Amino acid sequence: MSAKPKDPRQEQGQVELAIGGMTYAACANRVEKRLNKLDGVTATVNYATEKARVVFDGTPVATGDLIAQVEAAGYTAALLEPRAEERTGTARGGNGDDAVDPTRPLRNRLVVSALLSVPVVAMAMVPALQFTYWQWASLTLAAPVLVWGALPFHVAARKNLKLGAATMDTLVSLGTIAAFAWSLYALFFGTAGEPGITHPFEFTIARGDGSANIYLEVAAGVTTFILAGRYFEARSKRRAGAALRALLELGAKEVTVLRDGAEQQIPVADLAEGDLFVVRPGEKIATDGVVEEGTSAVDMSMLTGESVPVEVGPGSPVVGATVNAGGRLVVRATRVGSDTRLARMARLVEEAQNGKAEVQRLADRVSGIFVPVVIALAVLTLGFWIGTGGSVAAAFTAAVAVLIIACPCALGLATPTALLVGTGRGAQLGILIKGPEVLETTRGVDTIVLDKTGTVTTGRMTLTDVFAAQGQNERDVLRLAGALENASEHPIAQAVAKGALARTGGLGRVEDFANIEGQGVQGVVDGHAVLVGRTSLLAEWSRELPVDLERAKAAAEAEGRTAVAVGWDGQARAVLVVSDAVKPTSAQAIGQFRDLGLTPILLTGDNAEIARTVAAQVGVDEVIAEVLPQDKVDVVRRLQAEGRTVAMVGDGVNDAAALAQADLGLAMGTGTDVAIEASDLTLVRGDLRAAADAIRLSRKTLNTIKGNLFWAFAYNVAALPLAAAGLLNPMIAGAAMAFSSVFVISNSLRLRGFKPLKGNDDAPAVSVPPVADRGEAARAACGAAPAGARTSTVRGTALPDRTR
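- An unreviewed UniProt entry annotates the chain as Cation-transporting P-type ATPase B of Nocardiopsis metallicus.
- Under the heading Catalytic activity (unreviewed entry), UniProt records this for the chain: "ATP + H2O = ADP + phosphate + H(+)".
- Taken directly from UniProt, the Sequence similarities (unreviewed entry) text for the chain runs: "Belongs to the cation transport ATPase (P-type) (TC 3.A.3) family. Type IB subfamily."

Okay, structure coming up:
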């Protein structure tokens, strides 16, 4: 192929190719090796996403040369076009290409093959079902399975043959074709096609010419079992791109722009840099920008993962996809499309996925050795029998029997059955395992990195402490302050109101509510003039905090918590402390991680004081704080560069790239769709202890798969001498296949007895709203106050800076 002109994107030092024709994980390694042979090229190929990322050390290599290398390896390649989402800043809807399930053709192939194979296997194994001419009915049913159902294996085997390689596809294709071809010979040229012939249920060992033996159940059964395994793998593989779609779906779809002084609704894709747009309470901010008018609190948790909202006003930067938790804002767009922070995070996730080496399937590795040995043994068997004066028919019978008995029926069951049982048991325990390639990583994990907010902590603001002045009743403090805070939609105000209601059972009646911008709120509750907010608000009314309350406030703020002052009737009465509370089970989970040989590390974008406080509560020694989303990826890479195998547990959008980069990503099911899709394991409950059980279950499932693979090959190898000696009759072949399959299934079913660690099965159902739904929570909060009660949404509480 002649070299094509260089693509302009190559001048940036890298290019992406879409790779076609990869059928198993080792294909990615083969393509990668071919590309890396080119001077100045460093390539990584991802089997899951079917993409190759090529980085140039010096002068970029022409696209045509890259494609030629891929095609020389036996695959197809094309320059990957930029995602439409990056060009427009929007995500694809459900009516586009995503609405078509790419696994549907494989599923259809599996269903049809299974329906045809079941009667074939049943007739071969149960003599009572062998009616007159049953063998011809078997041929009629098995032929479509071998020709059409197994076509992907035959195509892959042919490709492997051209490249001088042997894989699981080669073994399946070789064995099924041998079984089917011999069955045709026996039916048309031997005695197997005669009326009334049966396969008796007996285990006699006798040498024969094989003309009465048919092996159609081998061809049909093995094809169906292997197709089942491939289908489950394809479903898992399809999820690789779902993280990017979920991430881009977080962005707003429409925006209200100000043009010529009037508001106009347009698609976000039409928003231009410099446009002014309006963000109302509860709405998502359409794109990155700077506030021109208005003040509010912005819930940044979707991107930063931190629960405390950020106060914004004129001149404050805001980020697209975050939620306006308060008042009306007018924002000037500074970045749109692929320049936004959300789009950059999408690229981080994709780069992390591309750089994550796929685990080569164990069955393929074993097959690479087993297939050449079997072929060599078949040739030696044929040569031995002919060389020792045996008949050509007997020699061919023995040689073909070697190929047939090597066909991996139980091998096809080894992975899918263990995975089905293991994932089913995991689902019962609230643990979702995404695919077999995930499991190998769990064995080597030695470090577990934990996001703080929403993972170790609850991820929402909670009233944690009440410090009442001497002589004051805590219940009165909560009843009055909670009533006033309930009239505000601010997230911290709502935390105080909910906490007060839970502790008292009822709140006072509010009159003359008013918000003091930047300070707090005031109003009359049950005849008392109440102030709640900053200490400066109370000071303006000559209500200074007593020494004990001042000390409590300082101690809370030193730990990074938020302190709210309360006063009424001319006196400062109390200090309320609001913070993101640690989950009650987190400390126990940390201990379980240590018992599994894992070193826990707390990683957060929050400030160091808060991080150290949380770490001390749960027993984590190493803390990495004040990190941006891209920094989280760098932390994981640094740990990997130190030789560690890293598991990452997170729940926010800002964790997605780190989850994808980690050797094992675990997402809390109470978190965002983006984190869930980027992870390898999903913990349905918000209980961190489930992560310990997930790792234990994954390791046990992997051990079961390896045990299944060993015994599946062991039965084949044990029967090979009988086949080579010409002593393999159909009943022994069928029995060996059935027994090995029953053993594999029984071994897999043992996973149903997996139990969580003691105490881990008592976790209550989680009611924490997912991070992705906190915009709805903000809108709900906006409707919580009495009609006409709100004048502004800016709170006066002492909020730590969370601009990160």
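1. Structural notes on helix 20 (residues 547-558)
In step 1: The first and last C-alpha atoms of helix 20 sit 16 Å apart over 12 residues, in line with the 16 Å expected at 1.5 Å per residue.
In step 2: Of the positions making up helix 20, those classed as buried are Leu 549, Ala 552, Lys 553 and Ala 556. Summarising the axial view, the buried residues of helix 20 lie within an arc of 100 degrees, below the 170-degree limit, and thus occupy one face. Of the exposed residues in helix 20, the ones pointing more than 90 degrees away from its buried face are Val 547 and Arg 551.
In step 3: Residues of helix 20 that are buried in the fold lie against strand 16 (457-468), helix 19 (535-540), strand 20 (562-568) and strand 21 (571-582).
In step 4: At the exit of helix 20 stands Gly 560, carrying a positive phi of roughly 80 degrees.

2. Looking at the nonpolar core
The nonpolar side chains of a soluble globular protein tend to be buried, and buried together.
In step 1: Of all hydrophobic cores here, the largest spans 49 residues; its most connected members are Ile 214, Leu 216, Val 402 and Ile 404.
In step 2: Of all the elements in the fold, those that place two or more residues in this core are helix 4 (104-125), helix 5 (134-149), helix 7 (168-188), helix 8 (216-238), helix 12 (362-387), helix 13 (392-405) and helix 26 (689-724).
In step 3: Those residues in contact with Val 402, other than ones at most four positions away along the chain, are Val 374, Leu 377, Ala 378, Thr 381, Leu 720, Ala 723 and Ala 724.
In step 4: Residues Val 445, Phe 593, Leu 666 and Leu 702 belong to the second largest nonpolar core, which totals 43 residues.

3. Side note on the UniProt feature "transmembrane region" (unreviewed entry) in the chain
In step 1: UniProt feature "transmembrane region" (unreviewed entry): in the numbering of this structure it lies at residues 110-127, 133-151, 171-192, 212-232, 366-386, 392-415, 708-725 and 731-749.
In step 2: Structurally, residues 133-151 is divided into 89% helix and 0% strand, and its ends, taken at the C-alpha atoms, are 27 Å apart.
In step 3: Annotated as residues 708-725, this span is 94% helix and 0% strand, and its ends, taken at the C-alpha atoms, are 27 Å apart.

4. A few points about the side chain of Arg 699
In step 1: For Arg 699, the location among the structural elements is in helix 26.
In step 2: Although Arg 699 is buried, it forms no salt bridge, and the closest oppositely charged side chain is Asp 446 at an N-O distance of 8.5 Å.
In step 3: Setting aside its immediate chain neighbours within four residues, Arg 699 contacts Thr 442, Arg 443, Val 445, Leu 596 and Leu 598.

Calculation rules
Residues numbered from 1 in each chain as written. Predicted model: local features only at pLDDT ≥ 70, side-chain atom pairs only at ≥ 80, totals over all residues. Heavy atoms only, no water. UniProt positions renumbered as here; feature names shortened; annotations may be inferred. Helix = DSSP H or I, 4+ residues; strand = E, 2+ residues; numbered from the N terminus. Expected span 1.5 Å × (residues − 1). Buried < 20%, exposed > 50% of the residue type's maximum accessible area, 1.4 Å probe, protein only. Arc of directions from axis to C-beta. Contact = heavy atoms within 4.5 Å. Core = buried A, V, L, I, M, F, W, Y, C linked by side-chain atoms within 4.5 Å. Lys, Arg positive; Asp, Glu negative; His and termini not counted. Salt bridge = Lys/Arg side-chain N within 4 Å of Asp/Glu carboxyl O.

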